[in-house]
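What follows is the residue order along each chain.
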Amino acid sequence: MRAVLLGPPGAGKGTQAARLVERYGVPAISTGDIFRANVGGGTELGRRAKEFMDAGQLVPDEVTNAMVRDRLAQDDVRAGFLLDGYPRNPEQAAVLDTMLAELGVALDVAVELTADVDVVTERLLKRAEIEGRADDTEPVIRKRLEVYAEQTAPVAAYYADKGLLAQVDGLGEIDEVTARLVAAIDR
Ligand code: AMP
């Protein structure tokens, strides 16, 4: 399986990605997780990404695309992958197509987890209390949702044009949502 998981921050992408990884036996590639690991580890990449992450903005495409290119070149990705949090704008989606073409593979599906803005805002504020992520403060959450609507939502249309988009209702019990995702992917 080669899939992209789309959806606003707080829609449950990370939680669902972990379950899909188990089911399909492919690695999840979360650009947000890779950035956070680099920030935590104090790497040069982390230093470049941090100011954008803290502001709720996208890390520049050149940085993000290069990081994904490296990750997709690793051996464990040969049998497939689930991208979580990438692509985040139509330019990244076009670059991903090029990278996959160079690897001689193609995407099977782009699944969009849909969720109401008020619900995801609430979830993110709750997650802020539990996980204490630096970018889970209310003004940054609002910015991230704005960035999503302006830059990332058009990625769904990009995949719809290619006949690859499946939309899944992200509201409900975690198991229920996983079942919907599996049904959409297996179709
Ligand atoms: P996430 O964990 O996916 O919500 O990502 C957290 C933050 O990492 C985002 O708000 C961005 O600053 C950055 N980030 C993650 N993925 C991308 C991406 N594909 N392009 C640019 N920035 C990203």
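For the structure, see preceding data.
Fair warning: this is a prediction, and the values are worked out from it, not measured in the lab. (Residues numbered from 1 in each chain as written. Predicted model: local features only at pLDDT ≥ 70, side-chain atom pairs only at ≥ 80, totals over all residues. Heavy atoms only, no water.)

1. Quick notes on the pairing of strand β4 (residues 109–114)
Okay, step 1: Burial analysis of β4 places five of its six residues in the buried class, which makes it a mostly covered element.
Okay, step 2: Relative to strand β5 (residues 165–169), β4 runs parallel, the two being bridged by five bridges. Bridged to Glu112 within β5 is Gln167. (Buried < 20%, exposed > 50% of the residue type's maximum accessible area, 1.4 Å probe, protein only. Helix = DSSP H or I, 4+ residues; strand = E, 2+ residues; numbered from the N terminus. Pairing = 2+ DSSP bridges.)

2. Brief notes about the pattern of salt bridges
Okay, step 1: Applying the stated criterion across every chain yields a total of 17 salt bridges.
Okay, step 2: A salt bridge links Glu44 to Arg47, with the shortest nitrogen-to-oxygen separation between them at 3.3 Å. Within this pair, Glu44 and its partner Arg47 are both found in helix α3 (residues 44–54), separated by three residues, close to a single helical turn.
Okay, step 3: Across the pair Asp54 and Lys50 runs a salt bridge whose closest N-O atoms are separated by 2.5 Å. (Salt bridge = Lys/Arg side-chain N within 4 Å of Asp/Glu carboxyl O.)

3. What to know about the site of the ligand
Okay, step 1: Neighbouring the ligand are 16 residues, the closest being Thr31, Arg36, Gln57, Gly85 and Gln92.
Okay, step 2: Taking Gln92, its side chain carries an N or O atom lying 2.9 Å from a nitrogen atom of the ligand.
Okay, step 3: Considering the ligand on its own, with 480 Å² of exposed area, one finds that the protein chains cover 95% of that surface.
Okay, step 4: According to the grid-proximity analysis, the pocket containing the ligand is the largest pocket.
Okay, step 5: If you tally residues by element for the shell around the ligand, the top one is helix α2 (residues 31–40), at four residues. (Near = heavy atom within 4 Å. Polar contact = N/O pair within 3.5 Å; in protein donor to acceptor, adjacent residues only side chain to side chain. Areas by Shrake-Rupley, 256 points an atom, 1.4 Å probe, with all protein chains shown as cover. 1 Å grid on protein atoms, 1.4 Å probe; cavity = no way out; pocket = protein on both sides within 12 Å on 5 of 7 lines; lining within 4 Å. Sits in = over half its atoms within 2 Å of the grid points.)

4. Some remarks on the sheet that holds β5
Okay, step 1: With respect to topology, five strands assemble into an open sheet ordered β2-β3-β1-β4-β5, the strand pairing being parallel. Only two strands of the sheet have a single neighbouring strand rather than two, namely β2 (28–30) and β5. In this sheet, neighbouring strand axes are inclined to one another by 20° on average, regardless of whether the strands run parallel or antiparallel.
Okay, step 2: Against the sheet, helix α7 (residues 138–161) touches β1 (2–6), β4 and β5, its axis set at about 145° to β1. (Axes fitted to C-alpha atoms, helices over the stretch in contact; angles between N-to-C directions. Contact = heavy atoms within 4.5 Å.)

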